[in-house]
Amino acid sequence: TTTLMEQFAIYFGRVLSNSFYPVLQGAIGVGSAFEGWSPREQDVVYQVLIPMTPPRGHSFHLELDSAEQRHLRNFRIRVQQECTCTSEQQGENMLCFLHQPEEELRTHQDPSLLDTLCTGCYLDVQKTARWFYQLVRAIWPALLQSHNWHLVLLPSSRSCYFKVSKGRESFQIEMLFGVRQGNSDVFVSSQPRQAYTSSTIWPENYAVAEMKFFKSIARQAPPDSLHLKCLQFFTRLQLGLGFSTYTFKTIVMHLLRALPVSEWRRRDFVRRLMDISEALRTCVERRYLNHFIVGNQRLPEGISLPPEVLMAGSCNLFHDLVMDPVAHSQAMSQYVDL
């Protein structure tokens, strides 16, 4: 997957070098497959996040969506045209979108990003996803992998999702895209948070920071550490029950900060499983599970958070259990079943 993404990145750069589409950076592997704990080894989806920066003559501005303030934040990406009259870009035969006549722009220059991937002045996730599909389809025949592997594009409205196969071997890859918040490891991304997310909403995404956390643990952990096996055990065990894999991931991340990595060895396996089970029971009873990244000022060195995320108050992932007594009763029942 990493090699394939590197090949795509080379061709993305070539194809988009003089365009007014977003500039695509190198893909970052995120999620369970790259963290080492995929719940289903036979059906792994390799998620990569592709950072985007604005093309020449444009800028991105992240605007917090005020409709959802109670827990995790959502954003809109406002695209703004910038004056290029006195910039070096004029030497590239680029006309200024702000100060050249519209007729001349229509005749001599490709459309602005505002006219291609935006709804109003906001970058549209679904339009961006369709554009990604077109890029992947167009570039695939030029890649070396295309000689031996077969590409099948799979449906997705907020990402570019595809499968490559050769004989009995196959890989599923989901390309998410996002915009980095400053120089931090937090993005706004195309990954949805609810069943329906508006096409101009980009939820705050902590996957890169979480991936870096697991890498930090891996560097400290003894060779026979089973912390990933503990997480994998519970994410497989709960399949069909109501708890999300992210619930168990969050609990295990908290425990990895509370307990030394030396206490996750093979001899500690059963005790750590009991710790995870007890932590889940406590969280369900109290209707409270604190987000691991938001407001966490004790993350390992090398993980960078925006000030608003670092200094944020607690964020309860079990907020719905507080608001809905029936959901809380069901969660208690599901814990007993587990």
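Naming follows an unreviewed UniProt entry, where the protein appears as IPIL1 protein of Prunella himalayana. Quoted verbatim from the Subcellular location (unreviewed entry) field of the UniProt record, the comment on the protein reads "Membrane". Here is the UniProt Sequence similarities (unreviewed entry) comment for the protein, exactly as written: "Belongs to the ITPRIP family."

What about the packing of helix H9 (residues 269–286) against helix H12 (residues 325–337)?
Where H9 contacts H12, the two axes come as close as 10 Å, and the packing angle between them is 165 degrees. Accordingly, the angle class assigned to the pair H9 and H12 is roughly antiparallel. Between H9 and H12 lies a crossing of left-handed hand. Of the residues in H12, those touching H9 at Ser277, Leu280, Arg281, Val284 and Glu285 are His328, Ala331, Met332 and Tyr335. In terms of residue class, the contact of H9 with H12 is made up of five nonpolar, two polar and two charged.

Details of the UniProt feature "domain: Mab-21-like HhH/H2TH-like" (unreviewed entry) in the protein
Taking the numbering used here, the UniProt-annotated feature "domain: Mab-21-like HhH/H2TH-like" (unreviewed entry) corresponds to residues 243–294. Helix and strand shares over residues 243–294 are 62% and 0% respectively, and the end C-alpha atoms of the span are 20 Å apart.

Description of empty space enclosed by the protein
Per the counting criterion, the structure on display carries one cavity of 30 Å³ or more. By volume, the largest cavity amounts to about 40 Å³. Around the largest cavity, the lining residues are Met5, Phe8, Ala9, Phe12, Gln25, Gly26, Ala27 and Ile50. No other element matches helix H1 (residues 2–16), which puts four residues into the lining of the largest cavity. The residue inventory of the lining of the largest cavity, partitioned by class, reads six nonpolar, two polar and no charged.

Remarks on the domain arrangement of the protein
Accessible area lost upon the coming together of the parts is a frequently used measure of interface size. Domain parsing of the protein yields domain 1 (1–206) and domain 2 (221–337). Taking only C-alpha atoms, the centre of domain 1 and the centre of domain 2 are 30 Å apart. Across the domain 1 to domain 2 interface the summed buried area is about 1,700 Å²; carbon plus sulfur atoms make up 62%. If you sort the residues of domain 1 by the area they bury against domain 2, Trp37, Pro39 and Tyr206 come out on top, with a joint share of 35%.

Examining the nonpolar core
Membership of the largest hydrophobic core comes to 41 residues, with the highest contact counts inside it found for Phe213, Ile276, Leu280, Ile293 and Leu305. Where this core is concerned, the elements lending two or more residues are helix H6 (207–220), helix H7 (227–237), helix H8 (245–258), H9 and H12. Both domains that meet at this core, namely domain 1 (1–206) and domain 2 (221–337), each give it at least three residues. For Leu280, the contacting residues outside a window of four places in its chain are Phe243, Thr247, Phe248, Ile251, Phe318, Tyr335 and Leu338. Ranked by size, the runner-up nonpolar core spans 39 residues in total, among them Leu113, Leu123, Trp149 and Phe162.

Focus: the pattern of salt bridges
It is possible for side chains of opposite charge to pair when their charged atoms get near one another. Applying the stated criterion across every chain yields a total of 13 salt bridges. Residue Arg106 is joined to Glu102 by a salt bridge in which the shortest nitrogen-to-oxygen separation is 3.6 Å. Note that Arg106 and Glu102 are positioned in helix H3 (residues 102–108) at a spacing of four residues, about one turn of the helix. Like Glu102, Arg106 is exposed.

Overview of H8
Relative to the 20 Å expected for 14 residues at 1.5 Å per residue, H8 spans 20 Å between its end C-alpha atoms, a close match to the ideal helical length. Buried within H8 are the following residues: Thr247, Phe248, Lys249, Thr250, Ile251, Val252, Met253, Leu255 and Leu256. Tucked into the core, H8 has its buried residues touching helix H2 (31–35), H6, H7 and H9.

A closer look at the pairing of strand E5 (residues 74–81)
By the bridge criterion, seven bridges tie strand E4 (residues 58–64) to E5 in an arrangement that is antiparallel. Paired with His61 across the bridge in E5 is Arg78. Here E5 pairs with strand E12 (residues 202–205) via two bridges, running antiparallel. In the strand pairing of E12, Phe75 is matched with Trp202.

Observations regarding the environment of Phe248
Structurally, Phe248 can be placed in helix H8. Counting along the chain gives 210 residues from Phe248 to Ser38, while the straight-line C-alpha distance between them is 12 Å.

Quick word on the packing of aromatic side chains
This model, assessed by the stated rule, comprises 17 aromatic pairs. Arranged with centres 5.7 Å apart and planes meeting at 20 degrees, the rings of Phe8 and Phe12 form a pair that is stacked. Of this pair, Phe8 and Phe12 both sit in helix H1, four residues apart, which is roughly one turn of the helix. For the pair formed by Phe8 and Phe12, the shared burial category is buried.

The rules behind the values
Residues numbered from 1 in each chain as written. Predicted model: local features only at pLDDT ≥ 70, side-chain atom pairs only at ≥ 80, totals over all residues. Heavy atoms only, no water. UniProt positions renumbered as here; feature names shortened; annotations may be inferred. Axes fitted to C-alpha atoms, helices over the stretch in contact; angles between N-to-C directions. Helix = DSSP H or I, 4+ residues; strand = E, 2+ residues; numbered from the N terminus. Parallel < 35°, antiparallel > 145°, perpendicular 65-115°, else oblique. Left-handed = near helix turned anticlockwise from the far one by under 90°. Contact = heavy atoms within 4.5 Å. Nonpolar A, V, L, I, M, F, W, Y, C, P; charged D, E, K, R; others polar. 1 Å grid on protein atoms, 1.4 Å probe; cavity = no way out; pocket = protein on both sides within 12 Å on 5 of 7 lines; lining within 4 Å. Points joined across faces, edges and corners; volume = space filled by probe spheres on them. Domains from an automatic or database assignment. Buried area = accessible area lost by both parts, 1.4 Å probe. Core = buried A, V, L, I, M, F, W, Y, C linked by side-chain atoms within 4.5 Å. Buried < 20%, exposed > 50% of the residue type's maximum accessible area, 1.4 Å probe, protein only. Salt bridge = Lys/Arg side-chain N within 4 Å of Asp/Glu carboxyl O. Expected span 1.5 Å × (residues − 1). Pairing = 2+ DSSP bridges. Phe/Tyr/Trp six-rings, centres within 6.5 Å; stacked < 30°, edge-to-face > 60°.

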